[in-house]
Amino acid sequence: MDLSEFLLAWRTTALPDREVIDALVHPAHAGPSPALAVRLARWAGTYYWSDEPEGRHLVLTRPARRPRREAWALHGILFVATLLTTTFVGAVFHGTLPYDPDPLALFRGTYPMPPDALRAWAAGLAFSVPLLAILLCHEMGHYLAARRYGLDTSPPYFLPVPFLPYGIGTLGAFIRLRTMLSDRRQLLDVGVAGPIAGLVMTLPVLWLGLRLSQPLAGHGDATGLLLGIGPETVALGDSLLTWLLRRAQYGATPGVLLHPVAFAGWLGGIVTMLNLLPIAQLDGGHILYAALPRWHRRVALGFWVLIVALGSLWRGWLLWGALVLALSRGRLGHPPVLDAHRPLPRSRRALAWAALVLFLLTFAPVPFKI
């Protein structure tokens, strides 16, 4: 479709998955005019407007080739495997399956499986279903935002792991963006969609889980959020979000023994916090680069040093810092977008501030007090 009669100038960039057209619209049609609106309604791709100093731009994309055929069977197998491993862990938290500190007990055949193992295992669905719902919502937020812009992206990959002491049966989930993003607006929208979608699921799960939990006068020296794992009780760290919800339901009660549903909701908050750290290519790194590209490297380095310092309070921070460094190949900066100079709309700046508030609400300096 030819739009040249409505444009003053345009530039076309060919990418493997799509063509990106940056077009300066003639002032007479920048409303847009009825004639341009009719043409855009028939555009075989996606588009959005960008108000820039020299005038109003249209950013148009159209597919350069057919979408690749995804290996949906692999994604389904990984999801089912993760459902099985997290359900097993949930049953241990629920007390229907025994806790065994030996991580290889299942493989060695020494795990003390109860007579009605299937029913005991199924009790863990109270943990696995809400947890996977949170992870799925988080990743589908990214996926749908990317598809909204016609970006080549994979469906979510879930990562199952066998039961380990203090493990949760999964390392989470991720999607793969297999293309360069056009500008900082796209980067922010894709980056922030996951944490927001995950929070939408986390809040009701956490609220319901706390209602199902058991208030306690305390458990020895441990207070706050408490998780029973076999004969042991683990104290979990509060974020501002969990503290507010706990106080709303239980007032000044010293301790709350968490139901598996509540633990799934608590993990949803931790997943949101970790992903919103403004480092490298975490969701927070995407958002920071989209909002303040010149500050990204310095802020990312500062936050990486901060989480390493927090490792003196919880060793998991050291593991997370090393993992982020390994996945980013030692570079805490962010890869460029196609046009880093296109201004970020005011509405997206508000989204960036909302992401900062969400990070502060879910931040827990010491997630596990072990």
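Our structure is the block above this text.
These lines cover the structure that appears in this document, whether it is placed above or below. (Residues numbered from 1 in each chain as written. Predicted model: local features only at pLDDT ≥ 70, side-chain atom pairs only at ≥ 80, totals over all residues. Heavy atoms only, no water.)

Section: the sheet that holds strand β11 (residues 368-369)
The test is simple: Strands are labelled as partners when DSSP assigns at least two bridges between them. Runs of H or I in DSSP of at least four residues are treated as helices and runs of E of at least two as strands, each being numbered from the N terminus.
Spatially, the five strands line up as an open sheet ordered β7-β10-β8-β9-β11, and their pairing is mixed. Single-partner strands in this sheet number two, and they are β7 (214-216) and β11. Note that strand β9 (residues 232-236) and β11 share two bridges and pair antiparallel. Paired with A235 across the two strands is K369, which belongs to β11.

Observations concerning the pairing of strand β2 (residues 18-25)
Put simply, the rule is: Working definition: with a 1.4 Å probe on protein chains only, accessible area under 20% of the residue-type maximum means buried, over 50% means exposed, and in between means partly exposed.
In terms of burial, β2 is largely enclosed, as seven of its eight residues are buried. Two strands pair when backbone bridges link them, and strand β1 (residues 7-14) and β2 are joined in this way by seven bridges, in the antiparallel orientation. Bridging from a neighbouring strand, W10 pairs with A23 of β2. A loop of three residues connects β1 with β2, the two strands running antiparallel in sequence.

Topic: the pairing of strand β3 (residues 46-52)
Remember that side chains alternate between the two faces of the sheet whenever the strand is regular. For β3, the buried fraction is high: five of the seven residues fall into the buried class. Taken together, the seven bridges between β3 and strand β4 (residues 55-63) define a ladder with antiparallel strand orientation. For Y47, the partnering residue across the bridge sits in β4 and is L60. The loop that links β3 with its antiparallel partner β4 comprises two residues.

Some words on the pattern of salt bridges
A side chain of one charge can pair with a side chain of the opposite charge if their charged atoms are brought near each other. Condition: Take a side-chain nitrogen of Lys or Arg and a carboxyl oxygen of Asp or Glu: if they are within 4 Å of each other, that pair is a salt bridge.
In this structure the tally under the stated criterion is 14 salt bridges. Ionic pairing is found between R56 and D51, a salt bridge with its closest N-O pair at 3.0 Å. Connected via shared salt-bridge partners are R11, D22, E52, D183, D339 and R342.

Concerning the environment of P112
As a reminder of what qualifies: It only takes one pair of heavy atoms within 4.5 Å for two residues to be counted as in contact.
As for its placement among the helices and strands, P112 is situated in the loop between α3 (105-108) and α4 (117-122). Sequence-wise, P112 and L97 are 15 residues apart; in three dimensions their C-alpha atoms are separated by 8.5 Å. Here P112 is in contact with P98 and D100, once residues within four sequence places are set aside.

Here's the deal with a nonpolar patch on the surface
So the rule is basically this: Nonpolar side chains (Val, Leu, Ile, Met, Phe, Trp, Tyr) are joined into patches within 5 Å and like charges within 9 Å, using only residues with over 30% relative accessible area and no salt bridge. For every accessible area listed, the method is Shrake-Rupley and the probe measures 1.4 Å; residues are considered covered only by the protein chains on display.
A surface patch of nonpolar side chains, amounting to about 380 Å² of accessible area, comprises L104, L106, F107 and M113. As for its position among the elements, M113 is in the loop between α3 and α4.

Notes on the layout of surface pockets
Applied cut-off: Here a cavity denotes grid points, spaced 1 Å and computed from the protein atoms alone, that fit a 1.4 Å probe unable to get out, and a pocket denotes an open set having protein on both sides within 12 Å along at least 5 of 7 lines; residues with an atom within 4 Å of a point are the lining. Grid points are joined across faces, edges and corners, and a volume is the space filled by probe spheres set on the points. Following the grouping adopted for this structure description, the nonpolar residues are Ala, Val, Leu, Ile, Met, Phe, Trp, Tyr, Cys and Pro, the charged ones are Asp, Glu, Lys and Arg, and the polar ones are all others, Gly among them.
Looking at the second largest pocket, its volume works out to about 370 Å³. Lining the second largest pocket we find 15 residues, and of these I287, L288, L292, A352 and L356 sit closest to its centre. Among the elements of the structure, α9 (283-291), α10 (296-310) and α12 (346-362) are those that each provide at least two residues to the lining of the second largest pocket. Broken down by element, the lining of the second largest pocket gets its largest block of residues, six residues, from α12. Class assignment of the residues belonging to the lining of the second largest pocket gives a composition of 13 nonpolar, one polar and one charged.

Observations regarding the packing of aromatic side chains
Selection rule: Side-chain rings of Phe, Tyr and Trp (the six-membered ring for Trp) are treated as a pair once their centres are within 6.5 Å; stacked means planes under 30 degrees apart, edge-to-face means over 60, and tilted covers the remaining angles. By definition here, charges over rings are those cases where NZ of Lys or CZ of Arg is within 6 Å of the ring centre and within 35 degrees of the ring normal.
For the coordinates displayed, the defined rule picks out 15 aromatic pairs. Summarising the aromatic geometry, the rings of F93 and F263 are spaced 5.0 Å apart at their centres and angled 90° between planes, so their arrangement reads as edge-to-face. Highlighted residues: F93 in helix α2 (residues 72-94) and F263 in helix α8 (residues 260-275), separated in sequence by 170 residues. Feature note: the residues F93, F127, F263, W266, F303, W314, W317, F359, F363 and F368 constitute an aromatic cluster, connected by ring pairs. The ring of Y149 carries R148 above its face, with NZ or CZ at 5.4 Å from the centroid.

Everything listed here is a matter of coordinates, which is why it stays silent on function.
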